[in-house]
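Structural overview
Residues per chain are reported as follows:
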Amino acid sequence: MISTRAFAALALALVISAPAQAEDRRVPSSPAELKLSYAPIVQRVQPAVVNVYAAKIIQNRNPLLEDPIFRRFFGVPGQQPEQMQRSLGSGVMVDPSGLVVTNNHVIEGADQVKVSLADKREFEAEIVLKDSRTDLAVLRLKEVGAEKFPTLDFSNSDELLVGDVVLAIGNPFGVGQTVTHGIISALARTQVGITDYQFFIQTDAAINPGNSGGALVDVNGRLVGINTAIFSRSGGSQGIGFAIPANMVRVVVASAKSGGKEVKRPWLGARLQAVTPEIADTLGLKLPSGALVASVTAGSPSARAGLKLSDLIVAIDGFTVDDPNAFDYRFATRPLGSTAQIDVQRGGKLVKLAIPLETAPDTGRDEIVVKSRSPFQGAKIANISPALADELRLDPSIEGVVVIDLADDAPAASVGFQKGDIIIAVNNKKIARTSELERIANEPSRLWRITVVRAGQQINVTLGG
């Protein structure tokens, strides 16, 4: 028999250990509570939110100078004029040494980056890490000496509930640091289409151009997300803003702190697809939910753990998986070196698997930039390693080479090549290595017959030499 004192102690322990639930939240209960202010929170967190100014030099192109007849008769009258293009965003100080996290799209292509603090001081900044997959970037202030800067602590964004109060802080339209107030409108938004990891916090706190990279904080002054995008028909706030969850931001910042130039993430080694209503009917599911395994790479962590084709992943580490985007987010935020426990439906039975969390091998890329006169000129090409396939969301079973980068003015871009295109054949010769493509590109040809796989679709094109 449990004594009253023991029962009370047990009950208290359960309350302390239980995660925050809806009953911990409440609405104001008196007129006096309505007069309460968020000012103490703002005063504490505002110094850690900064303005980010990025500038890049672009060359104004005169169409006449692109005309070969004009150039033949009149020559090229000196260099074309240059112009400085500027962009504005916000950022959050996440390390006292001067480490700032912002959106990648704020500083993408920048030749110069400056950070302005809340006290109006400005610092030059270097780009430590860029991660286009999450649309996050990490900057470091230059020439700061031994100064320690105010920072924001990360919250556990998995504990957020719809209806929680949040504050958005940033520099909208360049008017200066601004605070807006709202609630969490939705969680786990996976159909936004902004980054590879579709798992956003939605808020009705006013977010406008210039807020990108700014802070979304809770009533304890902790960072719950990085404001990233808005849904708007006018260009201004319409009450639908999206933020990258703090748990994803934490992963990117940790990679930057460790000295990495890119984010290290766990590698699943399997391709997943969404469950449509038709697939749900075929599988006998009540709801079209979960992530269906479409393929498994031999020797990958998922293969070694026993994941099989047509398995339906329904949970990871206790979190329900509604679709592949939800799984990708949960898996990407798991710590390397440990294991992820996943629940799989297989043949009407629930199977539990432990997947080791390790990075994908990235050997044998053999990157080249094609310089010879050909349709591939100016394209950066690489062999498809497991890491590259994971990064670009490619089917690793496809044999070929992939375009990983190309300048806007490269001949390869002008003929229509895009990043992520897989070149599998040229002039009826299969391409398996970058050296093979380089050799063929060096051979003069009047016609180029090229087979490309783009977004899973095979395309055959013929180009003049």
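Residues numbered from 1 in each chain as written. Predicted model: local features only at pLDDT ≥ 70, side-chain atom pairs only at ≥ 80, totals over all residues. Heavy atoms only, no water.

1. A short note on the pattern of salt bridges
Where charged atoms from two side chains of opposite charge approach closely, those side chains can pair. One pass over the structure, following the stated rule, counts 21 salt bridges. Put simply, Arg121 and Glu147 hold a salt bridge, and the shortest N to O gap is 2.7 Å. Pair noted here: Arg121 is in the loop between strand 4 (112-116) and strand 5 (122-131) and Glu147 is in the loop between strand 6 (136-141) and strand 7 (165-170), with a separation of 26 residues, a long-range link. Across the pair Asp362 and Arg365 runs a salt bridge, and its minimum N-O distance is 2.7 Å. By relative accessible area, which is 35% here, Asp362 ends up partly exposed. Among the residues examined, Arg365 registers a relative accessible area of 16% and is labelled buried. Salt bridges here are not isolated pairs; linked through shared partners, they connect Asp362, Arg365, Glu367, Lys380 and Glu391. (Salt bridge = Lys/Arg side-chain N within 4 Å of Asp/Glu carboxyl O. Helix = DSSP H or I, 4+ residues; strand = E, 2+ residues; numbered from the N terminus. Buried < 20%, exposed > 50% of the residue type's maximum accessible area, 1.4 Å probe, protein only.)

2. Comments concerning the packing of aromatic side chains
Applying the stated rule across the entire model yields 5 aromatic pairs. Pairing Phe327 with Phe331 gives two aromatic rings, centres 5.4 Å apart and planes at 15 degrees, and the pair type is stacked. In this pair, Phe327 and Phe331 are both assigned in helix 10 (residues 324-332), 4 residues apart and thus about one turn of the helix distant. Seen from their ring centres, Phe376 and Trp448 are 6.0 Å apart, and the 90 degrees between their planes marks the pair as edge-to-face. One end of the pair, Phe376, is in the loop between strand 19 (368-369) and strand 20 (379-383); the other, Trp448, is in strand 24 (residues 447-454), with 72 residues separating them in the sequence. For Phe376, a relative accessible area of 1% puts it in the buried group. (Phe/Tyr/Trp six-rings, centres within 6.5 Å; stacked < 30°, edge-to-face > 60°.)

3. Overview of the environment of Ser90
Checked against the element boundaries, Ser90 lands in strand 2 (residues 82-95). Taking the relative accessible area as the measure of exposure, Ser90 reaches 0% and is therefore buried. Separated by 82 residues in sequence, Ser90 and Pro172 have C-alpha atoms that sit 8.5 Å apart. In contact with Ser90, other than residues within four places in its own chain, are Val50, Asn51, Val52, Thr102, Gly170, Asn171, Gly210, Asn211, Ser212, Gly213 and Gly214. (Contact = heavy atoms within 4.5 Å.)

4. Let's talk about helix 10
Where burial is concerned, most of helix 10 is hidden: 9 out of the 9 residues are buried. Of the residues making up helix 10, those classed as buried are Pro324, Asn325, Ala326, Phe327, Asp328, Tyr329, Arg330, Phe331 and Ala332. Looking at where helix 10 begins, the residue whose side-chain oxygen comes 3.2 Å from the main-chain nitrogen of Asn325 is Asp323. (Polar contact = N/O pair within 3.5 Å; in protein donor to acceptor, adjacent residues only side chain to side chain.)

5. Details of the side chain of Arg334
Within the secondary structure layout, Arg334 lies in the loop between helix 10 and strand 17 (339-346). Overall, Arg334 belongs to the buried group, its relative accessible area being 14%. Here the side chain of Arg334 touches Asp317 through a polar contact of 3.4 Å, side chain to side chain. Residues in contact with Arg334, not counting those within four places in the same chain, are Pro266, Asp317, Phe319 and Leu357.

6. Description of unusual backbone geometry
Even without being a glycine, Ser310 presents a positive backbone phi close to 75 degrees. You can see Ser310 is positioned in the loop between helix 9 (301-305) and strand 15 (312-316). Residue Asp317 is not a glycine yet carries a positive backbone phi of 50 degrees. Of note, Asp317 is situated in the loop between strand 15 and strand 16 (319-320).

7. Let's talk about helix 7 (residues 246-257)
Helical periodicity: at 3.6 residues per turn, an α-helix aligns residues three or four positions apart in one direction. Over its 12 residues, helix 7 runs 16 Å from end to end, which matches the ideal 16 Å to within 8%, given 1.5 Å per residue. Along helix 7, 9 of the 12 residues are buried, which leaves the element largely enclosed by surrounding structure. Within the span of helix 7, buried status applies to Ala246, Asn247, Met248, Val249, Val251, Val252, Val253, Ser255 and Ala256. Looking one or two residues beyond helix 7, the residue adopting positive phi is Gly259, at roughly 90 degrees. (Expected span 1.5 Å × (residues − 1).)

8. Let's talk about the pairing of strand 25 (residues 457-464)
Little of strand 25 is tucked away, with 0 of its 8 residues classed as buried. Looking at chain direction, strand 24 and strand 25 are connected through 8 bridges and run antiparallel. When the sheet's bridge partners are listed, Val453 is paired in strand 25 with Gln458. Hairpin remark: strand 24 followed by strand 25, antiparallel, with 2 residues in the connecting loop; positive phi at Ala455, about 55 degrees. (Pairing = 2+ DSSP bridges.)

9. With respect to the environment of Pro335
As for its position among the elements, Pro335 is in the loop between helix 10 and strand 17. A residue is classified by how much of its surface remains accessible, and Pro335, at 51% relative accessible area, is exposed. Considered as a pair, Pro335 and Pro266 are 69 residues apart in the sequence and their alpha carbons are 7.8 Å apart.

10. Details of the pairing of strand 4
Relative to strand 5, strand 4 runs antiparallel, the two sharing 4 bridges. Residue pairing across strands places Val113 opposite Ala125, the latter belonging to strand 5. Where strand 4 folds back on strand 5, the antiparallel hairpin that results is connected by 5 residues, among which Lys120 adopts a positive phi of roughly 80 degrees.

11. Concerning the environment of Val45
Residue placement: Val45 occurs in helix 3 (residues 39-45). A C-alpha to C-alpha distance of 9.6 Å links Val45 and Asp153, two positions 108 residues apart in sequence. Sequence-distant contacts of Val45, that is, excluding residues within four places in its chain, are made with Leu152, Ile169 and Gly221.

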